[in-house]
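Working through the structure, step by step
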Amino acid sequence: MSAREILESGATALGVRLDEKQLDAFVRYTALLLEWNARFNLTRITEPEEIAVKHYLDSLSLLKYVQVPPGAKMIDMGTGAGFPGIPLKIALPGLKLTLADSVKKRLTFLEDVVGQLELPNVKILHGRAEDLGQVRAFRWEYDFAVARAVAKLNVLCELCVPFCRTGGAFIAWKGPDVDDELAEASRAISVLGGKLESVHRFVLPNSDLQRSLIIVRKTEQTPRAYPRKAGTPERDPIK
Ligand code: SAM
(Lines give C-alpha, C1' and ligand atoms only; values in the text may rest on other atoms or scores of the structure.)
Protein backbone atom coordinates (compact mmCIF):
# COMPACT_ATOMS: atom_id res chain seq x y z
CA MET A 1 0.00 0.00 0.00
CA SER A 2 1.15 3.55 -0.67
CA ALA A 3 1.42 6.06 2.19
CA ARG A 4 -1.78 7.68 0.92
CA GLU A 5 -3.67 4.36 0.97
CA ILE A 6 -2.31 3.51 4.42
CA LEU A 7 -3.52 6.87 5.68
CA GLU A 8 -6.93 6.69 4.01
CA SER A 9 -7.73 3.14 5.13
CA GLY A 10 -6.23 3.70 8.59
CA ALA A 11 -8.27 6.86 9.08
CA THR A 12 -11.42 5.00 8.04
CA ALA A 13 -10.62 2.38 10.70
CA LEU A 14 -10.50 5.24 13.23
CA GLY A 15 -13.88 6.49 12.01
CA VAL A 16 -12.38 9.48 10.15
CA ARG A 17 -13.26 10.11 6.51
CA LEU A 18 -10.56 12.02 4.63
CA ASP A 19 -11.50 13.50 1.24
CA GLU A 20 -9.09 13.96 -1.69
CA LYS A 21 -8.20 17.51 -0.64
CA GLN A 22 -7.37 16.39 2.88
CA LEU A 23 -5.28 13.47 1.60
CA ASP A 24 -3.43 15.92 -0.69
CA ALA A 25 -2.72 18.11 2.35
CA PHE A 26 -1.12 15.16 4.16
CA VAL A 27 1.01 14.37 1.09
CA ARG A 28 2.17 18.01 0.99
CA TYR A 29 2.87 17.96 4.74
CA THR A 30 5.08 14.87 4.26
CA ALA A 31 7.00 16.61 1.46
CA LEU A 32 7.61 19.68 3.64
CA LEU A 33 8.59 17.54 6.62
CA LEU A 34 11.18 15.66 4.56
CA GLU A 35 12.43 18.83 2.87
CA TRP A 36 12.98 20.64 6.20
CA ASN A 37 14.26 17.48 7.86
CA ALA A 38 17.24 17.50 5.50
CA ARG A 39 18.32 20.81 7.12
CA PHE A 40 16.90 20.63 10.64
CA ASN A 41 16.33 17.54 12.67
CA LEU A 42 12.53 17.33 12.97
CA THR A 43 11.81 13.59 12.94
CA ARG A 44 13.68 10.29 12.94
CA ILE A 45 10.90 8.77 10.85
CA THR A 46 11.56 9.43 7.17
CA GLU A 47 9.66 6.77 5.18
CA PRO A 48 6.31 8.18 4.00
CA GLU A 49 4.51 4.90 4.88
CA GLU A 50 5.93 5.03 8.41
CA ILE A 51 5.10 8.74 8.74
CA ALA A 52 1.51 7.90 7.76
CA VAL A 53 1.18 5.38 10.61
CA LYS A 54 3.43 6.69 13.38
CA HIS A 55 2.73 10.40 12.99
CA TYR A 56 -0.57 10.83 11.16
CA LEU A 57 -2.71 7.87 12.26
CA ASP A 58 -1.29 8.13 15.77
CA SER A 59 -2.35 11.80 15.91
CA LEU A 60 -5.80 11.04 14.46
CA SER A 61 -6.45 8.19 16.93
CA LEU A 62 -7.94 10.75 19.33
CA LEU A 63 -10.96 11.07 17.04
CA LYS A 64 -11.94 7.46 17.65
CA TYR A 65 -12.42 8.13 21.36
CA VAL A 66 -13.21 11.81 21.78
CA GLN A 67 -15.93 13.86 20.16
CA VAL A 68 -14.30 17.16 19.10
CA PRO A 69 -17.09 19.63 18.18
CA PRO A 70 -16.60 21.90 15.14
CA GLY A 71 -15.01 25.17 16.27
CA ALA A 72 -13.48 23.64 19.41
CA LYS A 73 -10.36 25.39 20.76
CA MET A 74 -7.32 23.15 21.16
CA ILE A 75 -3.73 23.76 22.26
CA ASP A 76 -0.99 21.30 21.27
CA MET A 77 1.76 21.73 23.85
CA GLY A 78 5.27 20.71 22.79
CA THR A 79 4.04 20.23 19.23
CA GLY A 80 7.53 19.79 17.71
CA ALA A 81 6.99 19.18 13.99
CA GLY A 82 3.20 19.53 14.48
CA PHE A 83 2.03 16.34 16.19
CA PRO A 84 -0.73 15.73 17.01
CA GLY A 85 -2.03 19.23 16.14
CA ILE A 86 -1.55 19.50 12.36
CA PRO A 87 -3.09 16.10 11.43
CA LEU A 88 -6.07 16.91 13.68
CA LYS A 89 -6.44 20.31 12.00
CA ILE A 90 -6.36 18.75 8.50
CA ALA A 91 -9.02 16.22 9.56
CA LEU A 92 -11.16 18.84 11.36
CA PRO A 93 -10.96 22.07 9.33
CA GLY A 94 -13.13 23.99 11.84
CA LEU A 95 -10.74 23.41 14.73
CA LYS A 96 -9.25 26.54 16.34
CA LEU A 97 -5.73 25.33 16.93
CA THR A 98 -2.78 26.73 18.87
CA LEU A 99 0.59 25.07 18.33
CA ALA A 100 3.04 25.78 21.17
CA ASP A 101 6.69 24.90 21.61
CA SER A 102 9.75 26.28 23.38
CA VAL A 103 12.01 25.75 20.33
CA LYS A 104 11.69 28.54 17.77
CA LYS A 105 13.18 26.59 14.85
CA ARG A 106 10.35 24.04 14.93
CA LEU A 107 7.82 26.88 14.90
CA THR A 108 9.43 28.37 11.79
CA PHE A 109 8.81 25.04 10.07
CA LEU A 110 5.21 25.07 11.27
CA GLU A 111 4.66 28.60 9.93
CA ASP A 112 5.71 27.28 6.52
CA VAL A 113 3.34 24.29 6.82
CA VAL A 114 0.39 26.42 7.93
CA GLY A 115 1.05 28.88 5.08
CA GLN A 116 1.56 26.30 2.34
CA LEU A 117 -1.41 24.16 3.41
CA GLU A 118 -3.50 27.34 3.83
CA LEU A 119 -4.80 26.23 7.21
CA PRO A 120 -7.03 28.93 8.74
CA ASN A 121 -7.40 29.55 12.50
CA VAL A 122 -3.99 28.25 13.53
CA LYS A 123 -1.91 30.24 16.05
CA ILE A 124 1.74 29.55 16.61
CA LEU A 125 3.02 30.27 20.09
CA HIS A 126 6.64 30.37 21.18
CA GLY A 127 7.36 29.73 24.84
CA ARG A 128 7.55 27.25 27.65
CA ALA A 129 4.34 25.74 28.95
CA GLU A 130 5.23 26.88 32.47
CA ASP A 131 5.32 30.54 31.36
CA LEU A 132 2.44 30.46 28.86
CA GLY A 133 0.23 28.69 31.42
CA GLN A 134 0.44 31.74 33.71
CA VAL A 135 -0.66 34.19 30.97
CA ARG A 136 -4.31 35.20 31.32
CA ALA A 137 -4.91 35.03 27.54
CA PHE A 138 -4.04 31.31 27.44
CA ARG A 139 -4.88 30.02 30.88
CA TRP A 140 -8.32 28.38 31.22
CA GLU A 141 -8.96 29.13 27.53
CA TYR A 142 -9.10 25.82 25.69
CA ASP A 143 -11.62 23.03 25.26
CA PHE A 144 -8.73 20.62 24.75
CA ALA A 145 -5.03 20.58 25.66
CA VAL A 146 -3.15 17.77 23.90
CA ALA A 147 0.44 16.54 24.09
CA ARG A 148 2.47 13.71 22.63
CA ALA A 149 5.97 12.66 23.72
CA VAL A 150 6.68 15.76 25.83
CA ALA A 151 7.13 14.54 29.44
CA LYS A 152 6.05 11.97 31.98
CA LEU A 153 2.38 12.21 32.87
CA ASN A 154 2.83 13.78 36.33
CA VAL A 155 4.95 16.57 34.80
CA LEU A 156 2.80 16.85 31.69
CA CYS A 157 -0.37 17.42 33.69
CA GLU A 158 1.16 20.53 35.26
CA LEU A 159 2.22 21.74 31.78
CA CYS A 160 -1.18 21.18 30.17
CA VAL A 161 -4.14 21.12 32.59
CA PRO A 162 -3.92 24.90 33.40
CA PHE A 163 -4.82 25.67 29.75
CA CYS A 164 -8.14 23.78 29.86
CA ARG A 165 -11.40 25.47 30.71
CA THR A 166 -13.52 23.77 33.36
CA GLY A 167 -15.35 20.97 31.55
CA GLY A 168 -12.57 20.73 28.96
CA ALA A 169 -10.08 17.88 28.69
CA PHE A 170 -6.36 17.21 28.63
CA ILE A 171 -5.32 14.29 26.44
CA ALA A 172 -1.91 12.60 26.56
CA TRP A 173 -0.58 10.23 23.91
CA LYS A 174 1.38 7.37 25.49
CA GLY A 175 2.84 3.96 24.68
CA PRO A 176 1.35 0.69 25.91
CA ASP A 177 2.69 0.70 29.49
CA VAL A 178 0.98 3.49 31.34
CA ASP A 179 0.07 1.98 34.71
CA ASP A 180 3.13 3.28 36.61
CA GLU A 181 2.83 6.75 35.07
CA LEU A 182 -0.87 6.85 35.92
CA ALA A 183 -0.22 5.87 39.53
CA GLU A 184 2.54 8.50 39.82
CA ALA A 185 0.29 11.18 38.32
CA SER A 186 -2.84 10.59 40.37
CA ARG A 187 -2.14 13.32 42.95
CA ALA A 188 -1.01 15.82 40.29
CA ILE A 189 -4.26 15.29 38.39
CA SER A 190 -6.41 16.13 41.42
CA VAL A 191 -4.21 19.00 42.70
CA LEU A 192 -4.46 20.65 39.26
CA GLY A 193 -8.27 20.43 39.21
CA GLY A 194 -8.63 17.35 37.02
CA LYS A 195 -10.14 13.89 37.18
CA LEU A 196 -8.93 10.83 35.27
CA GLU A 197 -11.79 10.11 32.88
CA SER A 198 -10.57 7.21 30.77
CA VAL A 199 -7.59 5.31 29.41
CA HIS A 200 -7.92 3.88 25.90
CA ARG A 201 -5.48 1.16 24.88
CA PHE A 202 -5.42 0.26 21.19
CA VAL A 203 -3.34 -0.91 18.23
CA LEU A 204 -2.62 1.68 15.53
CA PRO A 205 -4.38 0.77 12.26
CA ASN A 206 -2.19 -0.86 9.59
CA SER A 207 0.41 -1.80 12.21
CA ASP A 208 0.97 -3.85 15.33
CA LEU A 209 1.96 -0.81 17.42
CA GLN A 210 0.28 -0.49 20.79
CA ARG A 211 -0.66 2.91 22.09
CA SER A 212 -2.66 4.51 24.91
CA LEU A 213 -4.60 7.72 25.17
CA ILE A 214 -5.17 9.17 28.63
CA ILE A 215 -8.09 11.52 29.06
CA VAL A 216 -8.19 13.86 32.05
CA ARG A 217 -11.34 15.96 32.53
CA LYS A 218 -10.90 19.41 34.05
CA THR A 219 -13.44 19.62 36.84
CA GLU A 220 -12.21 22.64 38.82
CA GLN A 221 -9.99 25.67 38.28
CA THR A 222 -6.28 25.04 38.60
CA PRO A 223 -4.84 26.80 41.69
CA ARG A 224 -2.90 29.97 40.76
CA ALA A 225 0.39 28.50 41.92
CA TYR A 226 0.43 26.11 38.91
CA PRO A 227 2.22 25.80 36.62
CA ARG A 228 5.28 26.57 38.73
CA LYS A 229 8.44 28.25 37.35
CA ALA A 230 10.04 26.85 34.18
CA GLY A 231 11.93 23.66 35.01
CA THR A 232 10.31 23.11 38.43
CA PRO A 233 7.59 20.64 37.27
CA GLU A 234 10.29 18.40 35.79
CA ARG A 235 12.74 18.79 38.69
CA ASP A 236 10.17 18.41 41.42
CA PRO A 237 6.98 16.78 40.08
CA ILE A 238 3.81 17.09 42.20
CA LYS A 239 3.76 14.07 44.54
N1 SAM B 1 4.70 16.43 20.10
C2 SAM B 1 5.69 16.20 19.07
C3 SAM B 1 5.63 14.77 18.58
O4 SAM B 1 4.94 13.98 19.18
O5 SAM B 1 6.30 14.45 17.58
C6 SAM B 1 7.08 16.57 19.53
C7 SAM B 1 7.66 15.70 20.60
S8 SAM B 1 9.31 16.20 21.05
C9 SAM B 1 9.97 14.71 21.66
C10 SAM B 1 9.01 17.19 22.51
C11 SAM B 1 8.71 18.62 22.20
O12 SAM B 1 8.24 19.26 23.37
C13 SAM B 1 9.92 19.39 21.72
O14 SAM B 1 9.61 20.09 20.52
C15 SAM B 1 10.23 20.36 22.87
O16 SAM B 1 10.79 21.58 22.42
C17 SAM B 1 8.86 20.54 23.48
N18 SAM B 1 8.86 20.88 24.92
C19 SAM B 1 9.43 20.17 25.92
N20 SAM B 1 9.22 20.76 27.11
C21 SAM B 1 8.48 21.88 26.85
C22 SAM B 1 7.95 22.91 27.68
N23 SAM B 1 8.15 22.92 29.00
N24 SAM B 1 7.23 23.90 27.09
C25 SAM B 1 7.05 23.90 25.73
N26 SAM B 1 7.53 22.95 24.91
C27 SAM B 1 8.24 21.95 25.46
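Since the model is a prediction, treat every value here as computed from it, not as a measurement.

**So, the site of the ligand**
For the ligand, the set of nearby residues contains 16 residues, the closest of which are Gly78, Phe83, Asp101, Arg106 and Arg148. Ser102 is positioned with one of its backbone polar atoms (N or O) 3.4 Å from a nitrogen atom of the ligand. Considering the ligand on its own, with 600 Å² of exposed area, one finds that the protein chains cover 77% of that surface. Split into classes, the residues belonging to the shell around the ligand amount to six nonpolar, five polar and five charged.

**Re the packing of aromatic side chains**
For any pair of aromatic rings, the description rests on two quantities: the centre-to-centre distance and the angle between the ring planes. Counted according to the given criterion, the structure contains eight aromatic pairs. When the ring of Trp36 is compared with that of Phe109, the centres are 5.6 Å apart and the planes differ by 65°; the resulting orientation is edge-to-face. Taken together, the residues span a long stretch of sequence, with Trp36 in helix H2 (residues 20-37) and Phe109 in helix H6 (residues 104-116) at a distance of 73 residues. Accessibility assignment for this pair places Trp36 and Phe109 in one class, buried. Taking 5.4 Å as the distance between ring centres and 40° as the angle between the ring planes, the aromatic pair formed by Tyr65 and Phe202 counts as tilted. You can see Tyr65 sitting in helix H4 (residues 62-65) and its partner Phe202 sitting in strand E6 (residues 194-203), a full 137 residues away along the chain.

About the cut-offs
Residues numbered from 1 in each chain as written. Predicted model: local features only at pLDDT ≥ 70, side-chain atom pairs only at ≥ 80, totals over all residues. Heavy atoms only, no water. Near = heavy atom within 4 Å. Polar contact = N/O pair within 3.5 Å; in protein donor to acceptor, adjacent residues only side chain to side chain. Areas by Shrake-Rupley, 256 points an atom, 1.4 Å probe, with all protein chains shown as cover. Nonpolar A, V, L, I, M, F, W, Y, C, P; charged D, E, K, R; others polar. Phe/Tyr/Trp six-rings, centres within 6.5 Å; stacked < 30°, edge-to-face > 60°. Helix = DSSP H or I, 4+ residues; strand = E, 2+ residues; numbered from the N terminus. Buried < 20%, exposed > 50% of the residue type's maximum accessible area, 1.4 Å probe, protein only.

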